[in-house]
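Working through the structure, step by step
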Amino acid sequence: MALREILTFPSPALKKKAVDVKNIDAAVNQLANDMVETMYAAPGVGLAAPQVGVPERMIVLDVNTEEPGKDLVKLINPVIVEKHGTVVWEEGCLSVLEYTADVKRSAEILVRAWTPDQDEIEIEADGLLSVALQHEIDHLDGKLFIDRLSALKRDLYKRKLKKILRDGGPDPDTERNTCI
Ligand code: NI
């Protein structure tokens, strides 16, 4: 396994729509394992392949920070097939430095996907898992959570980021556990 570099806004790679994985082969398994290692090292609870510069539809998630690994999922070509209700959740993202904001999403979803073992599975999700799945699938469509905010809020963030970068970059001690 190997750590991969996590790209951050405004990297153009984060705006590209990812393509379906055609073959679940050794390279796909390697990528999944690298993404898991990179996610835990960050640390974060979710990571999508475009965040490490690979424009393919794969995500990894582990929202159980108490027992890492127990609820780990690696999903290939995930699709939301049902959604119900709405929820507002404060989101952060490993690709959006030093920022969190409330985002409105579906409360409960049903996701269909493939695993690295070539099984087709369905996941019913609510709470953080639901939010994280929608956030990661957005990454596959070239969308960040800040794209779901008002133009005003997004603009304020862009100015804040410029200032952070001008002042020598993000604070390494910032809590990133909830980044998805
Ligand atoms: Ni993210």
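This section reports on the structure supplied with the text. In this text the structure is predicted, and so the values were computed from the model without any measurement.

**With respect to a negative patch on the surface**
- On the surface, Glu82, Glu108, Glu124 and Asp126 cluster together into a patch of negative charge.
- Judged by its relative accessible area of 72%, Glu124 falls in the exposed class.

**Side note on a positive patch on the surface**
- A cluster of like positive charges, contributed by Lys15, Lys158, Lys162 and Arg166, occupies part of the molecular surface.
- With respect to the helices and strands, Lys162 occurs in helix α3 (residues 151-166).
- You can call Lys162 exposed: its relative accessible area is 58%.

**Concerning the coordination of the nickel ion**
- Only Cys93 (SG), His135 (NE2), His139 (NE2) and Ile180 (O) from the protein coordinate the nickel ion, and they sit 2.1 to 2.3 Å from it.
- The site at the nickel ion holds four donor atoms, and with the angles between them running 85 to 149°, its shape is irregular.
- In the primary structure, the donors to the nickel ion are separated according to the pattern C-x41-H-x3-H-x40-I. Here His139 is found in helix α2 (residues 127-140), whereas its partner Ile180 is found in the segment after α3, with 41 residues between them in sequence. There is no split in this pair, since His139 and Ile180 are both buried.

**Brief notes about the environment of Val111**
- Position of Val111 among the secondary structure elements: in strand β4 (residues 96-114).
- What makes Val111 buried here is its relative accessible area of 1%.
- For the pair Val111 and Glu82, spaced 29 residues apart in sequence, the C-alpha separation works out to 7.3 Å.
- Leave out the neighbours within four places in its chain, and Val111 touches Pro78, Val79, Ile80, Ile121, Glu122, Ile123, Leu133 and Ile137.

**Let's talk about the layout of surface pockets**
- By volume, the second largest pocket amounts to about 160 Å³.
- Together, Ile80, Lys83, Lys104, Arg105, Ser106, Gln134, Ile137, Asp138, Asp141 and Arg148 line the second largest pocket.
- For the lining of the second largest pocket, the secondary structure elements donating two or more residues are β3 (73-93), β4 and α2.
- Counted by class, the lining of the second largest pocket contains two nonpolar, two polar and six charged residues.

**Points about the pattern of salt bridges**
- All told, the structure shown has nine salt bridges when counted by the stated rule.
- Where Asp155 meets Arg159, a salt bridge forms, and the shortest distance between an N and an O atom there is 3.5 Å. With Asp155 and Arg159 both in helix α3, this residue pair falls four residues apart, about one helical turn.
- Residue Asp155 is classed as partly exposed on the basis of its relative accessible area, which comes to 37%.
- We classify Arg159 as exposed; its relative accessible area is 52%.
- What emerges from the salt-bridge pattern is a single network uniting Glu91, Arg105, Asp138 and Arg148.

**Some remarks on the sheet that holds strand β5 (residues 120-125)**
- Strand order in the open sheet formed by five strands is β1-β2-β3-β4-β5, and the pairing between neighbours is antiparallel. The open sheet terminates on both sides in strands that have one partner only, identified here as β1 (46-48) and β5. Within the sheet, the average angular offset between the axes of one strand and its neighbour, ignoring direction, is 45°.
- Judged from the 13 bridges that link them, β3 and β4 form a sheet pairing that is antiparallel. Note that in β4 the partner of Ile80 across the bridge is Val111.

**Focus on the nonpolar core**
- Within the largest apolar cluster, 18 residues are counted, with the highest numbers of intra-cluster contacts made by Leu31, Met35, Leu47 and Met58.
- At the level of elements, α1 (26-41) and β2 (58-61) are the ones that each hand at least two residues to this core.
- The element contributing the most residues to this core is α1, with six residues.
- Leaving out residues up to four positions away in the same chain, Met58 has contacts with Val28, Leu31, Ala32, Met35, Leu47, Ala48, Ala49, Leu75, Ile76 and Leu140.
- In this structure, Leu61, Ile123, Val131 and Ile180 belong to the second largest nonpolar core, which totals 17 residues.

Each value, and the rule that gives it
Residues numbered from 1 in each chain as written. Predicted model: local features only at pLDDT ≥ 70, side-chain atom pairs only at ≥ 80, totals over all residues. Heavy atoms only, no water. Patch = residues over 30% accessible without salt bridge, like charges linked within 9 Å, V, L, I, M, F, W, Y side chains within 5 Å. Areas by Shrake-Rupley, 256 points an atom, 1.4 Å probe, with all protein chains shown as cover. Salt bridge = Lys/Arg side-chain N within 4 Å of Asp/Glu carboxyl O. Lys, Arg positive; Asp, Glu negative; His and termini not counted. Charge placed at Lys NZ, Arg CZ, Asp CG, Glu CD. Buried < 20%, exposed > 50% of the residue type's maximum accessible area, 1.4 Å probe, protein only. Helix = DSSP H or I, 4+ residues; strand = E, 2+ residues; numbered from the N terminus. Donors = N, O, S within 2.8 Å, 3.2 Å for Na, K, Ca; no water. Tetrahedral: all angles 85-135°; square planar, octahedral: opposite > 155°, others 65-115°. Contact = heavy atoms within 4.5 Å. 1 Å grid on protein atoms, 1.4 Å probe; cavity = no way out; pocket = protein on both sides within 12 Å on 5 of 7 lines; lining within 4 Å. Points joined across faces, edges and corners; volume = space filled by probe spheres on them. Nonpolar A, V, L, I, M, F, W, Y, C, P; charged D, E, K, R; others polar. Pairing = 2+ DSSP bridges. Axes fitted to C-alpha atoms, helices over the stretch in contact; angles between N-to-C directions. Core = buried A, V, L, I, M, F, W, Y, C linked by side-chain atoms within 4.5 Å.

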